[in-house]
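Observations on chain architecture
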Amino acid sequence: MTKRRPQQLTKEQRRQAARKAAAALRESQRKKRQRTWIVSIAVAVVVIGGLVAAVLTIGHRSSNSNNASGNQTLDNNPAVLATTAHGAKGQTVDGISSSSSEQLAFHVHSHLQIYVGGKQKVVPYGIGIVPPLSVQNAGGQPFAGGGKALYWLHTHDESGVVHIESPVKRTFTLGNFFDIWGQKLSANQVGPDKGTVTAFLDGKKVSGNPADIQLGNHKVIQLDVGQVVAPKPFTFPQGL
């Protein structure tokens, strides 16, 4: 039996076959590039989305941080007797004004400590400082260096030191300080806490309305609401 020879392609058929093969190769390469392009876009979308989420998260945390540390306007220490939320915001209080800078013609310091039911309460920073406050970290403790304005009676930290910085020498009382703080003070109430108030001045018990106690250089004042606590001494830091 005679073998059949394979049919020979004509020159034109070979050209057509070559063109088809080239076209198929180009189409394959095009689809490959398209797939790569789609994958690249998807990766870029994921990366950009992650970056946007990270930026928003950081911004949110930063905002929360700013609000917590000044909203630096308020001392949010849970141990404070009362925040400065209801404090004076620039208006004259008991004839006491606020100024854009400290007034040092009359410059002395008193100390105030408060006990409610035998438990010490913190006197917050920022009393007498008009918000927004500038609060820094000083030795691990918050320190309100200043704000929009300062009253002649104010606090910079939680130590209980009351700064009396006035352009004139005059008598200031504990009641003036509480009025600037926006808190009540009487023989039966200290801030939001009610009960019999026992007051000490320089370790000695004083009678009458504690609001009448005069502030003065290195005066140490203690107010006890309810349970009486033996008067505690206080040593003023060097320079005060």
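Residues numbered from 1 in each chain as written. Predicted model: local features only at pLDDT ≥ 70, side-chain atom pairs only at ≥ 80, totals over all residues. Heavy atoms only, no water.

**Observations regarding the sheet that holds strand β1 (residues 98–99)**
The strands making up a sheet are joined through hydrogen bonds of the backbone, oriented either antiparallel or parallel. Worth spelling out the cut-off: Paired strands, as defined in this entry, are two strands with at least two bridges between them according to DSSP. Under the DSSP-based scheme used, a helix requires at least four consecutive residues in state H or I and a strand at least two consecutive residues in state E, with every element numbered from the N terminus.
The three strands are arranged β1-β7-β4 in an open sheet whose pairing can be described as antiparallel. Here the strands that pair on one side only, and so sit at the sheet edges, are β1 and β4 (129–130). As judged from the two bridges shared by β1 and strand β7 (residues 149–151), these two strands associate in the antiparallel manner. When the bridges of β7 are listed, Ser 99 appears paired with Leu 150.

**Quick look at the environment of Gln 103**
Rules: When checking whether two residues touch, look at their non-hydrogen atoms; a contact exists if any pair is within 4.5 Å.
Its place among the elements puts Gln 103 in the loop between β1 and β2 (106–116). Taking the C-alpha atoms as reference points, Gln 103 and Ile 164, 61 residues apart in sequence, are found 9.0 Å from one another. Those residues within four positions of Gln 103 in sequence are excluded, and the remaining contacts are Trp 152, Glu 165, Ser 166 and Pro 167.

**Side note on the packing of aromatic side chains**
Between two aromatic rings, the relevant description is the distance of the centres plus the angle of the planes. What counts is decided by this rule: Put simply, two rings from Phe, Tyr or Trp (the six-membered ring, in Trp's case) pair if the centres are within 6.5 Å, and we call them stacked under 30 degrees between planes, edge-to-face over 60, tilted for the rest. Under the scheme applied here, a residue whose accessible area is under 20% of the maximum for its type counts as buried, over 50% as exposed, and between as partly exposed, the area being computed with a 1.4 Å probe on protein chains only.
Under the counting rule described, the total for this entry stands at five aromatic pairs. Pairing Phe 234 with Phe 236 gives two aromatic rings, centres 5.1 Å apart and planes at 85°, and the pair type is edge-to-face. On the basis of relative accessible area, Phe 234 is assigned to the partly exposed category, the value being 24%. Aromatic rings pair up to connect Phe 177, Phe 178 and Trp 181 into one cluster.

**So, empty space enclosed by the protein**
As a reminder, the rule being used: Residues are called lining when one of their atoms sits within 4 Å of a cavity or pocket point, these points coming from a 1 Å grid over the protein atoms alone, where a cavity is a set in which a 1.4 Å probe fits but cannot get out and a pocket is an open set with protein on both sides within 12 Å along at least five of seven lines. Grid points are joined across faces, edges and corners, and a volume is the space filled by probe spheres set on the points. Under the grouping applied here, Gly and all other residues not named as nonpolar or charged are polar, the nonpolar ones being Ala, Val, Leu, Ile, Met, Phe, Trp, Tyr, Cys and Pro and the charged ones Asp, Glu, Lys and Arg.
Volume-wise, the largest cavity comes out at about 70 Å³. Thr 84, Lys 89, Gly 126, Ile 129 and Pro 131 are, among the 13 residues lining the largest cavity, the residues nearest its centre. Looking at side-chain class alone, the lining of the largest cavity contains seven nonpolar, five polar and one charged residues. Size it by volume and the second largest cavity reaches roughly 30 Å³. Around the second largest cavity, the lining residues are Ser 99, Ser 101, Glu 102, Gln 103, Leu 150, Tyr 151, Trp 152, His 154 and Glu 165. Among the residues forming the lining of the second largest cavity, the class breakdown is three nonpolar, four polar and two charged.

**What to know about the side chain of His 156**
To keep it simple, the criterion reads: Definition of a polar contact: a pair of N or O atoms within 3.5 Å, with one able to donate and the other able to accept a hydrogen when the atoms are protein atoms, and with sequence-neighbouring residues admitted only if both atoms are side-chain atoms.
The topology assignment puts His 156 in the loop between β8 (153–154) and β9 (161–166). A relative accessible area of 5% means that His 156 is categorised as buried. A polar side-chain atom of His 156 sits 3.2 Å from a polar atom in the side chain of Glu 102. Within polar-contact distance, the side chain of His 156 engages the backbone oxygen of Ala 144 at 2.6 Å. Sequence-distant contacts of His 156, that is, excluding residues within four places in its chain, are made with Glu 102, Tyr 125, Ile 129, Pro 142, Phe 143, Ala 144, Gly 145, Leu 150 and His 163.

**A short note on the sheet that holds strand β12 (residues 193–194)**
Sheet architecture is open: three strands sit in the order β10-β11-β12, paired in antiparallel fashion. Strand pairing shows two members of the sheet lacking a second neighbour, β10 (185–186) and β12, which therefore form its edges. Here β10 runs beside strand β11 (residues 189–190); their pairing, made up of two bridges, is antiparallel. Looking at the pairing, Ser 186 lines up with Gln 189 of β11.

**Quick look at the confidence of the model for the chain**
Which entries qualify depends on this criterion: As a per-residue quantity, pLDDT reports the predictor's confidence and falls between 0 and 100.
Confidence in the prediction for the chain averages 83 pLDDT; 71% of positions are at 70 or higher. Confidence drops under a pLDDT of 50 for residues 45–71, and excluding neighbours within four residues, the segment shows four contacts in the predicted structure.

**A few points about the nonpolar core**
Most often, soluble globular proteins keep nonpolar side chains buried together rather than apart. As a reminder, the rule being used: Remark: nonpolar core denotes a set of buried residues (Ala, Val, Leu, Ile, Met, Phe, Trp, Tyr, Cys) joined through side-chain atoms within 4.5 Å.
Ranked by size, the top nonpolar core spans 35 residues in total, and within it Leu 112, Ile 114, Leu 174, Phe 177, Phe 178 and Leu 223 carry the most contacts. For this core, the secondary-structure elements that each account for two or more residues are β2, β7, β9, α2 (174–181), β13 (197–201) and β15 (219–225). In this structure Ile 114 touches Leu 81, Lys 119, Gln 120, Lys 121, Val 123, Phe 178, Trp 181, Val 190 and Leu 223, once residues within four positions along its chain are discounted. The next biggest cluster of nonpolar side chains, apart from the first, holds six residues, and it includes Tyr 125, Val 135, Ala 144 and Leu 150.

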